[in-house]
Every structure is written in structure tokens, then in C-alpha cells.
Amino acid sequence: MANRSRLLGVDLGGTKIEAALLDLQGAVTHRARCKTPRENYAETLSAICELCEQLESSANLTERLPLGICTPGSPSPDTGLMRNCNSTSLNGHTLCNDLEEICARPVRMANDADCMTLSEASDGAGTEEQVVFGVILGTGVGGGAAINRSLLHGPNAISGEWGHNPMPLARVNELPESLQYPRLCYCGREDCIETWLSGPGLALTHEQLHREPIVVEQLSKGTPNNRHRETLALYNDLLSTALAGIVNVLDPDLVVFGGGLSNIPFIYTEVPRLLASKVFSDVCRTKLKPAKHGDSSGVRGAAWLWGNA
Ligand SMILES: [Zn+2]
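Residues numbered from 1 in each chain as written. Predicted model: local features only at pLDDT ≥ 70, side-chain atom pairs only at ≥ 80, totals over all residues. Heavy atoms only, no water.

**Q** Help me understand the coordination of the zinc ion, please; the structure alone is not making it clear to me.
**A** The expected angle between donors at a tetrahedral four-coordinate metal is 109.5 degrees. At an octahedral six-coordinate metal it is 90 or 180 degrees. Distances from the zinc ion to its protein donors, namely His-164 (ND1), Cys-185 (SG), Cys-187 (SG) and Cys-192 (SG), fall within the range 2.1 to 2.3 Å. Between the four donor atoms coordinating the zinc ion, the angles at the centre fall across 106 to 116°, so the site counts as tetrahedral. If you list the donors of the zinc ion from N- to C-terminus, the spacing comes out as H-x20-C-x1-C-x4-C. By relative accessible area, which is 27% here, Cys-187 ends up partly exposed. (Donors = N, O, S within 2.8 Å, 3.2 Å for Na, K, Ca; no water. Tetrahedral: all angles 85-135°; square planar, octahedral: opposite > 155°, others 65-115°. Buried < 20%, exposed > 50% of the residue type's maximum accessible area, 1.4 Å probe, protein only.)

**Q** Please clarify how the layout of surface pockets should be interpreted in this entry.
**A** With a probe scaled to a water molecule rolled over the atoms, the places where space remains empty come into view. If you add up the space inside the second largest pocket, you get close to 280 Å³. Looking at the second largest pocket, it is lined by 18 residues, and the ones nearest its centre are Trp-162, Asn-165, Gly-245, Ile-246 and Val-249. Looking at which element gives the most residues to the lining of the second largest pocket, the answer is helix α7 (residues 226-250), with six residues. (1 Å grid on protein atoms, 1.4 Å probe; cavity = no way out; pocket = protein on both sides within 12 Å on 5 of 7 lines; lining within 4 Å. Points joined across faces, edges and corners; volume = space filled by probe spheres on them. Helix = DSSP H or I, 4+ residues; strand = E, 2+ residues; numbered from the N terminus.)

**Q** Quick question: what am I supposed to make of the packing of helix α3 (residues 112-123) against helix α9 (residues 297-304) here?
**A** It is the contact of α3 with α9, at a shortest axis distance of 7 Å, that shows an interaxial angle of 75°. Classified by the angle their axes make, α3 and α9 are roughly perpendicular. In contact with Cys-115, Met-116, Leu-118, Ser-119, Glu-120, Ser-122 and Asp-123 of α3, α9 contributes Ser-297, Gly-298, Arg-300, Gly-301, Ala-302 and Trp-304. For the contact of α3 with α9, the class distribution of residues is five nonpolar, five polar and three charged. (Axes fitted to C-alpha atoms, helices over the stretch in contact; angles between N-to-C directions. Parallel < 35°, antiparallel > 145°, perpendicular 65-115°, else oblique. Contact = heavy atoms within 4.5 Å. Nonpolar A, V, L, I, M, F, W, Y, C, P; charged D, E, K, R; others polar.)

**Q** Where do I start with the side chain of Asp-11 in this structure?
**A** Relative to the assigned elements, Asp-11 resides in strand β1 (residues 6-12). For the buried Asp-11, no salt bridge is present, and the opposite-charge side chain at shortest range is Lys-16, 6.2 Å distant. Contacts of Asp-11, omitting those with residues within four sequence positions, involve Lys-16, Ile-17, Glu-18, Cys-70, Gly-298 and Val-299. (Lys, Arg positive; Asp, Glu negative; His and termini not counted. Salt bridge = Lys/Arg side-chain N within 4 Å of Asp/Glu carboxyl O.)

**Q** Help me understand the pattern of salt bridges in this model?
**A** Within this structure, the stated rule accounts for eight salt bridges. Close ionic contact of Glu-56 with Arg-105 constitutes a salt bridge, the shortest N to O distance being 2.6 Å. Remark: Arg-105 occurs in the loop between α2 (95-103) and β7 (107-111) and Glu-56 occurs in helix α1 (residues 41-58); sequence separation between them is 49 residues. Summarising the burial analysis for this pair, Glu-56 and Arg-105 share the class buried. Arg-273 is the salt-bridge partner of Glu-270, the closest N and O atoms lying 2.6 Å from each other. Note that Glu-270 and Arg-273 are positioned in helix α8 (residues 266-276) at a spacing of three residues, about one turn of the helix. When its relative accessible area of 28% is taken as the criterion, Glu-270 is described as partly exposed. Given the relative accessible area of 54%, Arg-273 is considered exposed. Here the residues in one salt-bridge network are Glu-18, Arg-31 and Arg-33, joined through shared partners.

**Q** Can you help me understand the nonpolar core in this one?
**A** Ranked by size, the top nonpolar core spans 37 residues in total, and within it Leu-137, Trp-162, Leu-197, Leu-239, Leu-243 and Phe-257 carry the most contacts. Looking at this core, the elements with two or more residues in it are β8 (131-137), β9 (141-147), α4 (193-197), α5 (199-210), α7, β11 (254-258) and α8. With 10 residues, the single largest contributor to this core is α7. If we skip the residues at most four places from it in the chain, Phe-257 touches Met-116, Val-135, Leu-137, Leu-239, Leu-243, Ser-262, Ile-267, Tyr-268, Leu-288, Lys-289, Pro-290 and Ala-291. Formed by 27 residues, the second largest nonpolar core is a distinct cluster that contains Leu-45, Leu-51, Leu-55 and Leu-95. (Core = buried A, V, L, I, M, F, W, Y, C linked by side-chain atoms within 4.5 Å.)

**Q** Is there a simple way to explain the pairing of strand β3 (residues 28-35) in this structure?
**A** Where a strand is regular, its side chains alternate between the two sheet faces. The sheet contact formed by strand β2 (residues 16-23) and β3 spans seven bridges and is antiparallel. Bridging from a neighbouring strand, Lys-16 pairs with Lys-35 of β3. The loop that links β2 with its antiparallel partner β3 comprises four residues; one of these, Gly-26, has a positive phi angle of about 100°. (Pairing = 2+ DSSP bridges.)

**Q** Looking at this structure, how should I read the packing of α5 against α7?
**A** Axes are the key here: two packed helices are described by the angle between their axes and the distance separating the axes. Between α5 and α7, the shortest axis-to-axis distance is 10 Å and the interhelical angle comes to 125°. Of the possible angle classes, the one that applies to α5 and α7 is oblique. Handedness of the crossing formed by α5 with α7: right-handed. Between α5 and α7, the contacting residues are Leu-202, Thr-205, His-206, Leu-209 and His-210 on the first element and Arg-227, His-228, Glu-230, Thr-231, Leu-234 and Tyr-235 on the second. Its residues assigned to classes, the contact of α5 with α7 comprises four nonpolar, five polar and two charged. (Left-handed = near helix turned anticlockwise from the far one by under 90°.)

**Q** Looking at this structure, I do not really get the sheet that holds β3. What am I missing?
**A** In a beta sheet, neighbouring strands pair by backbone hydrogen bonds and run either parallel or antiparallel. Spatially, β3-β2-β1-β4-β7 is the arrangement adopted by the five strands of the open sheet, whose pairing is mixed. Both outer strands of the open sheet, β3 and β7, are each paired with one neighbouring strand and no more. Sheet twist, expressed as the average angle between the axes of neighbouring strands with direction ignored, equals 20°. The strands that α1 touches are β1, β2, β3 and β4 (67-71); relative to β3, the one it contacts most, it runs at about 150°. Strands β4 and β7 of the sheet are contacted by α3, whose axis makes an angle of about 100° with β7.

**Q** Where do I start with the environment of Leu-288 in this structure?
**A** Assignment of secondary structure puts Leu-288 in strand β12 (residues 287-290). Under the relative-accessibility criterion, Leu-288 is labelled buried at 11%. Each C-alpha atom, one on Leu-288 and one on Leu-275, is 10 Å from the other, the two residues being 13 residues apart in sequence. When near neighbours in sequence (up to four residues on either side) are disregarded, Leu-288 contacts Leu-243, Leu-254, Val-255, Phe-257, Ile-267, Tyr-268, Val-271, Pro-272 and Leu-275.

Purely geometric stuff here, so don't read any function into it on its own.
Okay, structure coming up:
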């Protein structure tokens, strides 16, 4: 990191692009954002470059910083072409190479779950920990693993993607009869962890148990009623069952949670107890914490992609 005074990160979202400069301790010194150009790839690239230049100029930097970028989806390890992006204009493009060319700077890229994990491992909830598994519980379920503040990468570029493992339903303590499954996942498989633990998955569970809709925010704010408690008890049972698989394989010091459902306080009181009864060990010392940086995790993690360079 020779003479570099800042880290530059961009979070490329479906509706907005957010950019930030961090100092080497992780404090955000400058921010900028703009709307994501609608379904226009070339304009999206230009917008990202402009934000980077804008930040460097407002910080009076003469150096051109390398860029870390948080994206939806990921490049195929075979072709480098983007896949699984909900901002579909990115799919089929070599985003990383194109940005390097247009912005004339080196670029590293990671998805939102990996960025959240790296952000929290670098200077968030996991800063004191060696092995951190990050979980996003939101519209979908994603994950990432960091070891000594570096992301775990593999040949398939899918480490942490536990959301599309099958939910081990046979290990759940009690499944009420009113639950209907298998649940079909968008990926074509049945009963993926995501179909049970995402926000829509939780809402479907509540609907099937109690024949009423639920707004997930109701569970994180205010006092849950008995029906909410019942749904949450089942959710925590499912979550601990799914996490036991992670703990048995990776044995993380910390599991850190981001996404809308990470604000549900019961997760942190109930799941550790359930988890201890489900892992292949007489004790479970793995800690569970909410992400410290919340919605900034994407842009911060993107910047930290160059933190250990
Ligand atoms: Zn799936």
C-alpha cells in the first residue's frame, strides 16, 4: 500500500451508486452518490468513474486510487462475464475489465455479502476475530467468509453461498403441520436455505402458520405478539439448524449478520442457545453479532478490498 493515503470503494446498487473514501483506519472521509443509470451499461461505467474522480478531487488527491467495487451478482470464473445481477444491464459484460479500462485504474470486485463480511472483519463487529462468517438475511440470503481480514476465494467464486444449500428440515425440532413445502427457489432447486430464512421466506412461514400477512419490520421494532413469537421461534430454529452446518465446516469465531432481518433482537438471544445443541461439539463458542456498519457495509467492504494490498 505504498504511500496510499486513502481507500476508494463504490457500492453499485440497482437504484443508486454510492462511493466513499476511507482513511487507512477505516473512517469515511468523503462520500458521493448518484442514481444508477437505468439499464444503460455504458452510462453506468461513466457514472462510476465520475464519482471516483469527484471524490479524489474533493480530497485534493493527486494520486489515482485503485477501486474496490461492490456489485450484485458475480463474474463467472470461466468467462469473466457478470451473472445473477438484478441490475440486468450488467449481465453478460466483463465489468471489472471494462471499468479498469474506462477509469484507468486497477479494480477489484466482490458481491454484497462478501463486502459486508470484509467490512465487518476489517473494522467492524469482527475486528478482533480471526475467522468471520458474514450472513445477509434480507430479500435473499447471502454469505461470505473472511480469514485474518481477507476474503476466502475459491475456484468457483462461490464461497459463502450457503443460501442455496438445502435447508436440513429433518434437523429442525418441530415443523408445524400447516407449513407447506417443498418451497421452490428461483435457482430451480427446492427448499434452499434462502426460501426459509430470507424476508419473503419468513413472511411465507408466518402466512402459512397464522393466515395473516406480516411486515418484517414489525419483528424488529415494538413488542411481538404471540403469533409473531411463534413464527420467530420457528425461524430461529431454522436459522440455528442452517448455521450449525457452517460452524461444523468453518468453525468461525464470529457470525456477523447484515440485511433487514439482522435487526431482529431475538436472533442474538435465542439462536446461540439453539446453535449449541446442534453443532458437533459439546460447546459452541462462536459469537453472533449484528453488523456494526449497517447500510454502509457495501461501500466500506469494497474499499477494504485494497486494504491488505
Ligand atoms: Zn436456491
